[in-house]
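Summary of the model geometry
Residues per chain, in single letters:
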Amino acid sequence: MAVIRRAKPEDRGAVEAIVREAYSIYVERIGKPPGPMLDDYARLIADGIVRVLEDADAAIAAIIVLLAKPDHLLLDNIAVRPDRQGQGLGRQLIAFAEAEARRLGFMEIEPLCTHTCP
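Residues numbered from 1 in each chain as written. Predicted model: local features only at pLDDT ≥ 70, side-chain atom pairs only at ≥ 80, totals over all residues. Heavy atoms only, no water.

**A word on the confidence of the model for the chain**
This prediction gives the chain a mean pLDDT of 90; 94% of its residues lie at or above 70. Confidence, expressed as mean pLDDT per element, reaches its minimum in the chain at strand 5 (residues 109-110) with 80 and its maximum at helix 4 (residues 41-46) with 98. (pLDDT = per-residue confidence, 0-100. Helix = DSSP H or I, 4+ residues; strand = E, 2+ residues; numbered from the N terminus.)

What follows is the structure in structure tokens.
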């Protein structure tokens with residue numbers, strides 16, 4: 001059974017590897033690394049806004065970054081290890097984000113922004 005928990009400093013390497021692996025396919029297409037590949041995960045983890053999804057073997061299989069804004073929860077980043085894609089892990093993280101928004105009293109989640117957003 002998968003467990004979603006707050007990322008710890010020692011998870012940084014796994015978080016960065018998942019983001020790199022999940023987003024690297026877009027570098028050639030857009031001509032530069034997508035924003036999530038440039039984020040400072042040490043800071044984001046320290047700020048408590050990164051969650052990891054661990055599989056039954058306690059291996060980190062996916063991550064989500066949620067930012068509380070004044071009137072909504074921003075789903076800033078979601079990434080699943082390529083070898084674990086297609087197994088519903090992204091859906092589990094989206095359901096977690098929805099529950100987290102309700103818990104925090106938000107009526108909406110702003111979806112992630114692609115490379116073309118302002």
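**Here we look at the pattern of salt bridges**
Counted under the stated rule, the structure contains nine salt bridges. Note that Lys8 is salt-bridged to Glu10, the shortest N-O span being 4.0 Å. Across the salt bridge formed by Glu16 and Arg12, the nearest N and O atoms sit 2.9 Å from each other. On the criterion of helical spacing, the pair formed by Glu16 and Arg12 is a turn pair, its members being four residues apart in helix 1 (residues 12-23). For Arg12, a relative accessible area of 39% translates into the label partly exposed. One network of salt bridges, in which partners are shared, links Arg5, Asp11 and Glu54. (Salt bridge = Lys/Arg side-chain N within 4 Å of Asp/Glu carboxyl O. Buried < 20%, exposed > 50% of the residue type's maximum accessible area, 1.4 Å probe, protein only.)

**Looking at the sheet that holds strand 5**
Pairing is mixed across the open sheet formed by five strands, whose spatial order is 1-2-3-4-5. Both edges of this open sheet fall to strand 1 (3-6) and strand 5, since each of them pairs with a single strand only. With respect to the sheet, helix 1 is in contact with strand 2 (50-54), strand 3 (60-68) and strand 4 (73-80), its orientation differing from that of strand 4 by roughly 80°. With respect to the sheet, helix 5 (residues 89-103) is in contact with strand 1, strand 2, strand 3, strand 4 and strand 5, its orientation differing from that of strand 4 by roughly 160°. (Pairing = 2+ DSSP bridges. Contact = heavy atoms within 4.5 Å. Axes fitted to C-alpha atoms, helices over the stretch in contact; angles between N-to-C directions.)

**Examining helix 1**
Between its first and last C-alpha, helix 1 extends 16 Å over twelve residues, near the 16 Å set by a 1.5 Å rise per residue. Of the positions making up helix 1, those classed as buried are Val15, Ala17, Ile18, Val19, Ala22 and Tyr23. The secondary structure elements touched by the buried residues of helix 1 are helix 2 (27-30), helix 3 (35-38), helix 4, strand 2, strand 3 and strand 4. (Expected span 1.5 Å × (residues − 1).)

**Points about the pairing of strand 4**
Counting buried residues along strand 4, seven of its eight residues qualify, which places the element largely inside the surrounding structure. With seven bridges connecting them, strand 3 and strand 4 associate as antiparallel partners. Directly across from Leu67, in strand 4, lies its bridge partner Leu74. With antiparallel pairing between neighbouring strands as the criterion, strand 3 and strand 4 make up a hairpin whose turn holds four residues. Summarising the sheet, strand 4 and strand 5 pair through two bridges and their orientation is parallel.

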